[in-house]
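Read off the chains here:
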Amino acid sequence: MKNSKVAKTVIIVVVLAALILVYYYYLGHREKRQEVEETIAATVVQSILMRDLEHNYPPTPKEVVKYYAEITECFYNETYSDEELVKLAGKIQMLYDAELVANKTQEQYMEDLRNDIAEMKGDQITIASYEVSASTDVEYFEQGEYSCARLYCTFYLKKQGGGRVPSQERFVLRQDADGHWKILGWELVED
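Just so it is clear, the structure is predicted and the values come from calculations on it, not from any experiment.

Rules used in this analysis
- Residues numbered from 1 in each chain as written.
- Predicted model: local features only at pLDDT ≥ 70, side-chain atom pairs only at ≥ 80, totals over all residues.
- Heavy atoms only, no water.
- Phe/Tyr/Trp six-rings, centres within 6.5 Å; stacked < 30°, edge-to-face > 60°.
- Lys NZ or Arg CZ within 6 Å of the ring centre and 35° of its normal.
- Axes fitted to C-alpha atoms, helices over the stretch in contact; angles between N-to-C directions.
- Helix = DSSP H or I, 4+ residues; strand = E, 2+ residues; numbered from the N terminus.
- Parallel < 35°, antiparallel > 145°, perpendicular 65-115°, else oblique.
- Left-handed = near helix turned anticlockwise from the far one by under 90°.
- Contact = heavy atoms within 4.5 Å.
- Nonpolar A, V, L, I, M, F, W, Y, C, P; charged D, E, K, R; others polar.

Caption draft 1: Representation of the packing of aromatic side chains. Enumeration over the complete set of coordinates arrives at nine aromatic pairs. Here the aromatic cluster, defined as three or more aromatic residues joined through ring pairs, consists of Tyr-68, Tyr-96, Tyr-109, Phe-171 and Trp-186. The side chain of Arg-174 reaches across the aromatic face of Tyr-146, ending 4.2 Å from its centre.

Rendered as structure tokens:
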């Protein structure tokens, strides 16, 4: 009798200890899972700002224009602070050729950018998606001593309550002394 009571007590203690261990294991992994989800939940703006262009510059004209389109999409679709806007503008200017950057002062560039963003948001226009030319459609050519490339990017604009409207732009890029493709300019392609 006494042995069966001891055995029951030992079994109950072992079961309770196992339940406590399982509960703590669950709590520990739940907290880690929440931390991972919070890390993954970095905003689109933050993920773009985390890209290190000094060590991880886009290798092809297509990738440069694609990154340009991602930043442009952020400008018009996302919510961000003024400090993040300045950083995004800095990122996009890192994709520009020095000649293009020299066309405006930094203050004028920021003023124009803020005005463009305010106009698009005021008209409730967002970028639904974009499509960059296929790598095989990139046209390479020489301009004087420079290697250049020409390609297209189509932005699909969406007005609140309306359909998608394509807006195609033609980009010209020039390779700099470091071999990086930089955006020399772009223009809207008229139908």
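Caption draft 2: Quick look at the packing of helix 4 (residues 82–93) against helix 6 (residues 106–122). Contact pair helix 4 / helix 6: the axes reach a minimum separation of 11 Å and the direction vectors enclose 110 degrees. When the axis of helix 4 is compared with that of helix 6, the two are roughly perpendicular. In this structure, helix 4 crosses over helix 6, and the sense of that crossing is right-handed. The segment helix 4 lies against helix 6, with Asp-82, Leu-85, Val-86, Ala-89, Ile-92 and Gln-93 engaging Gln-106, Tyr-109, Met-110, Leu-113, Arg-114 and Ile-117. Among the residues forming the contact of helix 4 with helix 6, the class breakdown is eight nonpolar, two polar and two charged.

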